[in-house]
Amino acid sequence: MRFVSPALKHLVFPALSKSGYLRHAAGDGPAVVTYHGVFPSGYEIRNSALDGNLMHAEALRRQLELLKRRYHVITPDEFLRWSELQWSEEKSGDGKSSQEKRAAVKQSLPPRSILLTCDDALRNTLTEMVPILHDFGLSCLFFATGASAEPTPSMLWYEELYLMVLDAAGPIALNLPEAGISINNVSPRPKQRHAFWWSLVENFSQFSAPSRREFLNRIQQQLGLSENWRSKFVEDTRLAARFLTLDKSGLQQLAAAGMGVGAHSLSHPIFARASDDLAWQEISGSKTVLEKALGQPVWAFGYPFGNTATVTRRDLNFAERAGFRCAFMNTGGGFGATNYRFAIPRVHVTAHMSLSEFEANISGFYRSLRLRFSKRKNEEEQLRPTS
Ligand SMILES: [Zn+2]
């Protein structure tokens, strides 16, 4: 999560939002936003790193109300039609045809168009988020993993691992020779545990999903967690809605509720750590299993983790080769952000984002500030296609 200065958050963004500057400054669109689900009512936030991507229902309602009032939320199908025009081949090299194309692309959507997306397809997307979207008459593109094509729900492996690391009593010792792990004293302090967890996520992303499952089972034993440690996440309705992925029938209900469904890999590894074979299976395999589960084409791909540290140009090529029509990152975004067909930027919405901060992000204002004053290069440029 990026640090936003208190002056921007509490003074500048609210003033610019109120004055209408942000919506009038909006450049070419559409802009895409990413959610990760909505807290089930009564769920107690356990850890901000674990839960920071989800939204409170009321905060989501306030954002959708703002979007309805000041912007134009489009459907996933409208986005697809726009993308087909945007990236269509020009008829010839003369200036006129490219001008005509630009005009056709511009006219294909209303000004200030926004696409809503949501990653991971957790159970709460169906129980908490879809009813809110229905109240506002809006549709959203949900990126589901291959787990949601299965008959029984499961947890995202990296979240399950995080919960295990949080639940371990005292200093952590682990021994997994196949993964080169032999550690006997990870401090119980939250920062150290978080860093240790992420090092495991990076390490295990080289392995196939069944090997990762095997590692998690052994970690559960080695950390001294009880045999039925997982059962609370299935039996407690609130925990199940927060942590379980939709199963096949849930996924079908999501589509039947008028929502779009895209693919989010088979098992959510960090692609930058995966071999070519594994990354290809994860990308192309997710299209196959989700299309089979839904009985309809799946045209969009959302990269797991989705930033420039976890996605490589190879993965963009794989998404294209697998037959997706476009693919989405999870960084950058806002009106006027660079758009490559297989690395479309998105504004990542977090639980801590204020309403005016949300608008400063979608308008592209915050992004342009960052590019102007930060020494960091435009990260999206790293994924510029070579041809
Ligand atoms: Zn994800």
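Small disclaimer: the values here were computed from a predicted structure and weren't measured.

Asker: In this structure, what is going on with the overall build of the protein chain? I would like to understand it.
Answerer: Secondary structure assignment for the protein chain yields 17 helices and 10 strands. Computed over its C-alpha atoms, the radius of gyration of the protein chain comes to 21 Å, within 12% of the 21 Å expected for a compact globule of 387 residues. Dimensions of the protein chain, computed from C-alpha atoms along their principal axes, come out at roughly 65 × 45 × 45 Å. Counting the 387 residues in the protein chain, one finds 43% classified as buried. Taking as baseline every contact in the protein chain between residues at least 6 positions apart, the subset at least 24 positions apart corresponds to 76%.

Asker: What is the right way to look at the packing of helix 4 (residues 57-70) against helix 16 (residues 355-362) in this model?
Answerer: When two helices pack together, you describe them by how their axes are tilted relative to each other and by the distance separating the axes. Where helix 4 meets helix 16, the axes come as close as 10 Å, and the angle between the chain directions of the two elements is 50 degrees. Considering their axes alone, helix 4 and helix 16 lie oblique with respect to each other. The interaxial crossing formed by helix 4 with helix 16 has right-handed handedness. Contacts between helix 4 and helix 16 involve Arg-62, Gln-63 and Leu-66 from the first element and Leu-355, Phe-358 and Glu-359 from the second. For the contact of helix 4 with helix 16, the class distribution of residues is 3 nonpolar, 1 polar and 2 charged.

Asker: Just checking my understanding: could you explain the domain arrangement of the protein chain for this structure?
Answerer: Often, the extent of an interface is quoted as the loss of accessible area upon association of its parts. What the domain assignment reports for the protein chain is domain 1 (6-89 + 111-153 + 245-383) and domain 2 (156-229). Counting residues at the interface gives 13 residues for domain 1, matched by 13 residues for domain 2. The residue makeup of the side of domain 1 that touches domain 2, split by class, is 7 nonpolar, 4 polar and 2 charged.

Asker: For this particular structure, what's the right way to read unusual backbone geometry?
Answerer: Peptide bonds are mostly trans, and most non-glycine residues show a negative phi. Notably, Ser-265 is not glycine yet its phi reads approximately 80 degrees, a positive angle. Structurally, Ser-265 is set in the loop between strand 7 (260-263) and helix 14 (276-294). Of note, the phi angle at Phe-305 is positive, near 65 degrees, even though the residue is not glycine.

Asker: Explain the environment of Ser-286 to me, please; I cannot follow it from the model alone.
Answerer: Mapped onto the secondary structure, Ser-286 falls in helix 14. You can call Ser-286 buried: it has 30 C-beta atoms within 10 Å. The spacing of Ser-286 and Tyr-71 is 215 residues in sequence and 33 Å in space, taken between C-alpha atoms. Residue contacts for Ser-286: discarding those within four places in its chain leaves Thr-145, Gly-146, Ala-263, His-264, Ser-265 and Leu-266.

Asker: Would you explain the nonpolar core in this entry?
Answerer: Nonpolar side chains in soluble globular proteins generally cluster together in the buried interior. Of all hydrophobic cores here, the largest spans 91 residues; its most connected members are Val-33, Ile-114, Phe-142, Ala-144, Leu-161 and Ala-327. Broken down by element, this core gets its largest block of residues, 7 residues, from helix 8 (residues 157-167). Both domains that meet at this core, namely domain 1 (6-89 + 111-153 + 245-383) and domain 2 (156-229), each give it at least three residues. Among all residues touching Ala-144, those that are not within four sequence positions of it are Ala-121, Leu-246, Leu-251, Val-261, Ala-263, His-264 and Leu-290. Counting residues in hydrophobic clusters, the runner-up holds 6 residues, among them Leu-22, Ala-360, Phe-365 and Tyr-366.

Asker: What should I look at first to understand the pairing of strand 4 (residues 141-144) in this one?
Answerer: Where a strand is regular, its side chains alternate between the two sheet faces. Every second residue of strand 4 is oriented toward a common face, with Leu-141 and Phe-143 on one face and Phe-142 and Ala-144 on the other, all of them buried. Across 3 bridges, strand 3 (residues 113-119) lies against strand 4 in parallel orientation. From the neighbouring strand, Asp-119 faces strand 4, where its bridge partner is Phe-143. Assessed by its sense of winding, the connection that carries the chain from strand 3 through helix 7 (residues 123-135) to strand 4 is right-handed.

Asker: What's the story with the environment of Phe-142 in this structure? I'm lost.
Answerer: If you trace the backbone, Phe-142 turns up in strand 4. Of the residues examined, Phe-142 has 32 C-beta atoms within 10 Å and is grouped as buried. For the pair Phe-142 and Pro-171, spaced 29 residues apart in the sequence, the C-alpha separation amounts to 38 Å. Setting aside its immediate chain neighbours within four residues, Phe-142 contacts Cys-118, Ala-121, Thr-125, Leu-254, Met-259, Gly-260 and Val-261.

Cut-offs applied
Residues numbered from 1 in each chain as written. Predicted model: local features only at pLDDT ≥ 70, side-chain atom pairs only at ≥ 80, totals over all residues. Helix = DSSP H or I, 4+ residues; strand = E, 2+ residues; numbered from the N terminus. Rg over C-alpha atoms; globule rule 2.2 N^0.38 Å. Buried ≥ 20, exposed ≤ 12 C-beta atoms within 10 Å, placed from the backbone. Contact = placed C-beta atoms within 7 Å. Axes fitted to C-alpha atoms, helices over the stretch in contact; angles between N-to-C directions. Parallel < 35°, antiparallel > 145°, perpendicular 65-115°, else oblique. Left-handed = near helix turned anticlockwise from the far one by under 90°. Nonpolar A, V, L, I, M, F, W, Y, C, P; charged D, E, K, R; others polar. Domains from an automatic or database assignment. Core = buried A, V, L, I, M, F, W, Y, C linked by C-beta atoms within 7 Å. Pairing = 2+ DSSP bridges. Right-handed = clockwise from strand over helix to strand, strands pointing away.

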